[in-house]
Amino acid sequence: MSGNIAINTIENCTFVNITSTQEGGAIYLSLPGDLTITNCIFSQNTALDGSAIYYEETNLKTLILRSTFFYQNVAGENGAALFISGSSAMIIEKSNFIDNLINQNVQNLGSVLYLNNPGNISILYSDFERNEGILGTCIYYSETS
Amino acid sequence: MLGDNVVMNLTNNNFKNNSAFIGGAGIYFNNKLLSESPYQQNNFIDNKASFANDFLTFPMRLKITDSTYLRSLSSLTDKTYSLSIVPGITETSLYFDVVDYYGQTVKSLNGGFVFLIILFY
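Note that this is a predicted model, so its numbers are computed, not measured.

### Focus: the overall build of chain B
Next, step 1: Scanning chain B from terminus to terminus reveals one helix and 12 strands.
Next, step 2: What you see in chain B, going N to C, is helices and strands ordered as β-β-β-β-β-β-β-β-α-β-β-β-β.
Next, step 3: The burial tally for chain B puts 25% of its 121 residues in the buried class.
Next, step 4: Put simply, of all contacts in chain B between residues at least 6 apart along the chain, 68% involve residues at least 24 apart.

Dropping the structure here:
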């Protein structure tokens, strides 16, 4: 899917084998408001950063992921599942992150969740399994000015 | 600690069989920290890395690893340390590990320690 659409809920969707040569393979977030993703599958998506979900410096208030499955996503640089750079709050509950990986370059960081300057974060009752990375494979958390 | 106004809550998560080429197959904190160890509220099982298998922070302290000198050091009241040196010696060294917030040794791909050469003239 391409172009801008305003939504705040995504439920029971599957995003499979989507490829981007830039940021955001399946979803690129750039609109204000809250977004809740529930019971979705992100599998085998590929991008430079944020192969499943990419978010950077927008007015998004809160990103909520519930019961969502991230499987075999691949990033060229950072965040095969999520790339979050900005001030949004994030809640992840009962979600699974399995077999995600990034390009094995020592300059790449955060194979599953790449978080830079985020707001409040809650990650609860979630599983991270067999992911491969360089530094901070499952969660890479950074604050930069 | 973690950001001035930022709250991170990591609770009841499982980190299993993840791998990192360098360090922190579970979590890496750059700049900011959790106030308590991630071990307190989460499960880490069979994660693999060159060092710090489960989680890692940025390097932040030096830890003396030379046991001989470690025994000879004694803390003084002005926050300096005394070091016993054998009379006549012209050169000695102190070895340190670089450790993260949780006391885990931090290395580079080439290894990782710091040493201080002390010359006596």
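Further notes follow.
### Remarks on the overall build of chain A
Next, step 1: Looking only at helices and strands, chain A has zero helices and 19 strands in total.
Next, step 2: A globule of 145 residues ought to have a C-alpha radius of gyration of about 15 Å, and chain A, at 13 Å, matches this closely.
Next, step 3: For chain A, the spread of C-alpha atoms along the principal axes amounts to about 35 × 35 × 30 Å.
Next, step 4: Buried positions account for 48% of the 145 residues belonging to chain A.
Next, step 5: A fraction of 83% describes how many contacts in chain A between residues 6 or more apart in sequence connect residues 24 or more apart.

### Side note on the interface of chain A and chain B
Next, step 1: On the chain B side, the residues contacting the 27 residues of chain A number 28 residues.
Next, step 2: For the side of chain A that touches chain B, the elements supplying multiple residues, two or more each, are β16 (121-124), β17 (127-129), β18 (132-135) and β19 (139-142) of chain A.
Next, step 3: The class makeup of the residues in the side of chain A that touches chain B is 12 nonpolar, 10 polar and five charged.
Next, step 4: Looking at chain direction, β18(A) and strand β3 (residues 19-23) of chain B are connected through three bridges and run parallel.

### Some points on the sheet that holds strand β2 (residues 14-16) of chain B
Next, step 1: Pairing in this open sheet of seven strands is parallel, and the strands run β2(A)-β5(A)-β9(A)-β13(A)-β17(A)-β2(B)-β5(B) from one edge to the other. Both edges of this open sheet fall to β2 (14-16) of chain A together with β5 (43-45) of chain B, since each of them pairs with a single strand only. Neighbouring strand axes in the sheet, compared pairwise and without regard to direction, differ in orientation by 5° on average.
Next, step 2: Bridge count for β17(A) against β2(B) is three bridges, and the pairing is parallel. Residue pairing in the sheet places A:Asp127 in a bridge with B:Asn14 of β2(B).

### Details of unusual backbone geometry
A negative phi angle characterises most non-glycine residues, just as the trans form characterises most peptide bonds.
Residues and elements named next belong to chain A.
Next, step 1: In this model, Gln 72 sits at a positive phi of 55°, which is unusual for a non-glycine residue.
Next, step 2: Note on placement: Gln 72 falls in the loop between β9 (69-71) and β10 (74-78).
Next, step 3: Phi at Asp 99 takes a positive value of approximately 60°, unusual for a residue other than glycine.
Next, step 4: Mapped onto the elements of the fold, Asp 99 is located in the loop between β13 (96-98) and β14 (101-102).

### Observations concerning the nonpolar core
Next, step 1: Ranked by internal contacts, the top residues of the largest apolar core, which has 57 residues, are A:Ala52, A:Ala81, A:Leu113 and A:Tyr140.
Next, step 2: Other than its neighbours up to four places away in sequence, A:Ala52 contacts A:Phe15, A:Gly25, A:Ala26, A:Ile27, A:Phe42, A:Asn45, A:Phe70, A:Asn73, A:Ala81 and A:Leu82.

### Observations regarding the pairing of β10(A)
Across a regular strand the side chains alternate sides, sitting on one face of the sheet and then on the other.
All names here are of chain A.
Next, step 1: Looking at chain direction, strand β6 (residues 46-49) and β10 are connected through three bridges and run parallel. The residue of β10 that forms the bridge with Asp 49 is Asn 78.
Next, step 2: Inspection of the sheet shows β10 paired to β14 by two bridges, in the parallel sense. Bridge pairing in β14 links Ala 75 to Ile 102.

Calculation rules
- Residues numbered from 1 in each chain as written.
- Chains lettered and ligands numbered in written order.
- Predicted model: local features only at pLDDT ≥ 70, side-chain atom pairs only at ≥ 80, totals over all residues.
- Helix = DSSP H or I, 4+ residues; strand = E, 2+ residues; numbered from the N terminus.
- Buried ≥ 20, exposed ≤ 12 C-beta atoms within 10 Å, placed from the backbone.
- Contact = placed C-beta atoms within 7 Å.
- Rg over C-alpha atoms; globule rule 2.2 N^0.38 Å.
- Nonpolar A, V, L, I, M, F, W, Y, C, P; charged D, E, K, R; others polar.
- Pairing = 2+ DSSP bridges.
- Axes fitted to C-alpha atoms, helices over the stretch in contact; angles between N-to-C directions.
- Core = buried A, V, L, I, M, F, W, Y, C linked by C-beta atoms within 7 Å.

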